[in-house]
Amino acid sequence: MVPAGAALLLRRRLCAPAAAMAALAALGPPSVAAIFDTMEEGPTPGGDRAGEAWLESHGRCLGHFVGGTWLKPPGRRRLESRGGTDGRAVASVPDGDGSDVAAAVGAAAAAAEEWGRRGGPQRGQSLHRLALTLEGPRGGALGGLLSLFGGRPLRRTLGADLDLALRLLRAAAGGAQLGPPGLEGWTPLGVVAVVVAGPCSVPALLWKLGPVLAMGNTVLVLCPPEAAPPLLYLGELSGEGGALPPGVLNVVTGPLPELCRALRAHPAIATVSAVTFLGAPQEQVQGLVWGSPCRGPRLGWARGGRVVVVVLDSADLDGAAAAIAGAAGTPPALFPWGGCVVLAQEGVLAPLERRLRARLGGLRVGDPLDPGTDMGPLPPTAPHPRELVEAAREEGAEVFQPLPPPPGGHFYPPTLITGVAPTSCCLREPAAGPVLVLLPVRSPREAAAVASALPLTAAAAVWAQDVTAALDTAERLPQGLVWLNELNLLDPSGGCAAGDGETTLEEALREFGRSPWEEPPELEEPFSPSPEEAAPDPKDAELAGAVAAARAAASGWGRLPGLSRARVLRGAAAALGGTGGTPGGDGDGDDSDDDGHLQGALLRWAAHAERMGGAVQEVPGGRALVMRRPLGVVGVVWSWHCPWLLELLLPALALGNSVVVVAPPRGARAALRLRQVLVAAGLPGGALAVLPRGSWGSRESGARLARQHPDGLWFCRGDPDWASAVSVPRVWGVPGGLLRAPGQDPPPGAVRELELHCTRPQCLWVPGGAP
C-alpha cells in the first residue's frame, strides 16, 4: 500500500499523461485528510521570482539611473544591497560621489524645461501610462523587490500596498489632468531632490513622486544602498512605453550624508528648487538640511510615526485586538515606521490584554517572500527597538514576547509592553517595529489628552459601539487621520492626512508648484549650515510663557464654532470704525485709509470663519468626513514692519489659531494696538501675544521661537535657517506678493493659500459596509 502523501507526490511529478493515468488508477483516490496535509501555496504572480529575474538580468551589479540610461562609473567602489531576511548580499550598487550627482542634476535640469512645458493633461496621461505599467507583471516585480529589501510581507506589497499605490498615482495624474481650482497660473519648481532615508513602501514612494511629477518637476532621488534596487527598478520602468521622458526620474545611490554634501556643494545648486525627505527621522534630517524658507531650496519631509488606538468600554474587543495585532505585524503603508500605543479604558483593559497576547502569539514571523508570512524583518534602515524595550523593562514595565524571532536577519518578535508609567521612555520615543504599548485611561477625555501629548503620532483609531462617545472622542484627537472601528484603511479621496506631514492631494500639489505671487529665489551667497545654538537670553522665558499661554487659549478658541469667532472679528471691525486711528499707523498722520482697509479685512475673514466646513467622501468600506482644523499655536516672525503684515494675523485668528508674534519695535506697537481692539471684542487674552524682537535678528528670532515647539512657524521677509525649524510641523516663508499693499485686492488664489496654511486636514473614516 503506497502512503497517501507519496501518492500525491507521485501524481505531481509524473509528466506523461498515459503514465499518470495508469499510476492514478493503481493508487486509487486520495483521502481528504491527505490532500490537506500535502496542500501547498500556489505560485504568486510576479513577486520575488520576477524581482530576482530582474536582478539576474543585470548580473546583480546595478548602476545609477540617470537621463534614461544606466550609469556605471568605471573603477568605482561597489556597495552591497542586502536582503532583510538573512542579511546576504543580493546586489551591489556604485558608491555615488559628486560627479554622479552633477550628472543627475544636469540630466534633470535638461529634461525640466520640456516636461514642465507640457500641459497638465499630457503629464496626467504620462502618469496614467506609468500606472498601467505597474498594474501588470512589472508591478509584481517592484512589490517583490520592496519585500526582499524592505521586509514587508509579499502578500501586502503585491496586494493592498500596490492597489493603494496605484490609486495614489492616479489621483496625482487626475490632479494634473483636471487642474485643481486655485492653481491657475502656477508653474513648476524645476528640479526636486527626494532623499530616501528610511523605510519606504510603494504607496509612500508614489504619494511623494506623483504630485512632484504632476506639477511638471523633474526628480533626483538620492538613496542608500539598502533601499536602492526597488528605486532603480522604478527608474528603469518609468521609461517603458514612453511613460516618462528621459531625465524626468533619476536615481543616484550611495551614503546619504556624502550625497547630500555633494548636492549642496554642486556649483549649480540653484538648479535644485526643493529638497524633500522620505522616511527620515528628525535627528537625521537636521544633519542633512540647508537653505532657508525665504531663500534657497524649499524643504519638506515626511513626519510619519506610530498609531494611537483608543479602546472604549463599549468596544468590540475581538475586532479591536485582531486589527491592532495585524497593524503591529504590518504597519500602515504610508507610515511604515510601526509601533502602536493602545489607550484602553480601565474596564476593558484586562480582557483586551488577554486577547492581544493571544493574537500576537498567532502571528507568523518569517521570510517576507513566503505568502503565509504575517510579519517580516525590520527594514534595514529602521532603528532597532531592542534598546528601547529593555529600557522600559528596567523602568518596571512588563514585556511580553510570545515567540522568539527567526535566526538571522533583522527580525524582532511581536512585543506587548504593559504596566508603564506615563513618563516611560517607550511613550516618549516611538519604537520602530512590532511594539505595542498598552496604557490604561479612566475616560475618553483622558484618552484624548494622552493622545495629544504623545510625540510623533501619525494616525489614530477609536473603537467603540457607542457612536456618540466614539465621535466625541475622535473629534478631540489631534491626529490628522482617525479611523472609527477600523484600522489601516487609506485612500486619496478620503484625504491621506497622515504620514506625510498631514498632506492632502491639494496641498501636495501646491507644495511642488510656484504660485504667481512668488518670485524664484535669488542666491547671492553659498548656503551656510545651521547656526550654533544661541546662548540663553532672559527673553527666552518670556517667549516660552507666551507660547504656553497661547497653547492654553488655543484649546478653547479653536473649538468655538466659526460663528462665535466671526462675532469677535466683527466686533473688532466695528470698534475700528469708531476710532480715529489704525493699529497699523504711528499716530502722527491721517491713517483713515489703512484703518478702513484693516476693517474690511476683519469683515472678510469673519465671513470666511462662518463658511469654513468639510466634505463627505466615499471611500472603500464606508465614508470619510474630511475637515479642516486649526493648527494650534502659530509663531510669526517679522523681519521689518509693513502695513499688510497685520492682515496676515487675521486669517490665523479667524480660523481658530492662537498667534505669537515676534516683531521689530514699530511692528510690535501696531500689533499690540490690534490686540487691544480684538481682546476688547472678546478674543481670549492668550490667543494673541506680541513680543518686541529687541536685539535679536530675524534669523535668531526664528530659531528661538522654533525651540518653543509651536504648531506652525511663519517667516515674513526674514532669512532664517531651515535647520532651526526642523522640529516644527509646518514652516512657511510668506511670499511678499501674497498680500498686496493697503487698498489693493489680494491676487487670485491667495485666500485659499492662507486658508491651507492656517489649518490642517483631519479625516474621520466611518465604516459603512463594503460595496
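Caption draft 1: Main features of the pattern of salt bridges. Under the definition given, this model contains 37 salt bridges. R76 is paired through a salt bridge with D100; the nearest N and O atoms lie 2.4 Å apart. Linking R76 in the loop between β2 (69–71) and β3 (78–82) with D100 in helix α5 (residues 98–117), this pair joins segments that are 24 residues apart in sequence. A residue is classified by how much of its surface remains accessible, and D100, at 2% relative accessible area, is buried. Among the ionic contacts, a cluster of salt bridges with common partners joins E506, R510, R611, R752, E753 and E755.

Caption draft 2: Structural detail: the environment of G124. With respect to the element layout, G124 can be found in helix α6 (residues 120–135). Along the chain, G124 and R170 lie 46 residues apart, while their C-alpha atoms are 8.3 Å from each other. Sequence-distant contacts of G124, defined by excluding residues within four places in its chain, comprise A173, A176 and Q177.

Caption draft 3: Spotlight on the packing of aromatic side chains. In total, this model carries 5 aromatic pairs according to the counting rule given. Ring centres of F65 and W70 lie 5.4 Å apart, and the angle between their planes is 75°; this geometry places the pair in the edge-to-face category. Using a relative accessible area of 25% as the deciding quantity, one classes W70 as partly exposed. Relative to W517, the ring of W186 has its centre 6.0 Å away and its plane inclined at 85°; by these criteria the two rings are edge-to-face. Of this pair, W186 sits in the loop between α9 (160–178) and β5 (187–188) while W517 sits in the loop between β18 (513–514) and α21 (538–557), and the two are 331 residues apart along the sequence. There is no split in this pair, since W186 and W517 are both buried. By the ring-pair criterion, three or more aromatic residues cluster together here, those being W54, F65, W70 and Y233.

What counts, and where the lines are drawn
Residues numbered from 1 in each chain as written. Predicted model: local features only at pLDDT ≥ 70, side-chain atom pairs only at ≥ 80, totals over all residues. Heavy atoms only, no water. Salt bridge = Lys/Arg side-chain N within 4 Å of Asp/Glu carboxyl O. Helix = DSSP H or I, 4+ residues; strand = E, 2+ residues; numbered from the N terminus. Buried < 20%, exposed > 50% of the residue type's maximum accessible area, 1.4 Å probe, protein only. Contact = heavy atoms within 4.5 Å. Phe/Tyr/Trp six-rings, centres within 6.5 Å; stacked < 30°, edge-to-face > 60°.

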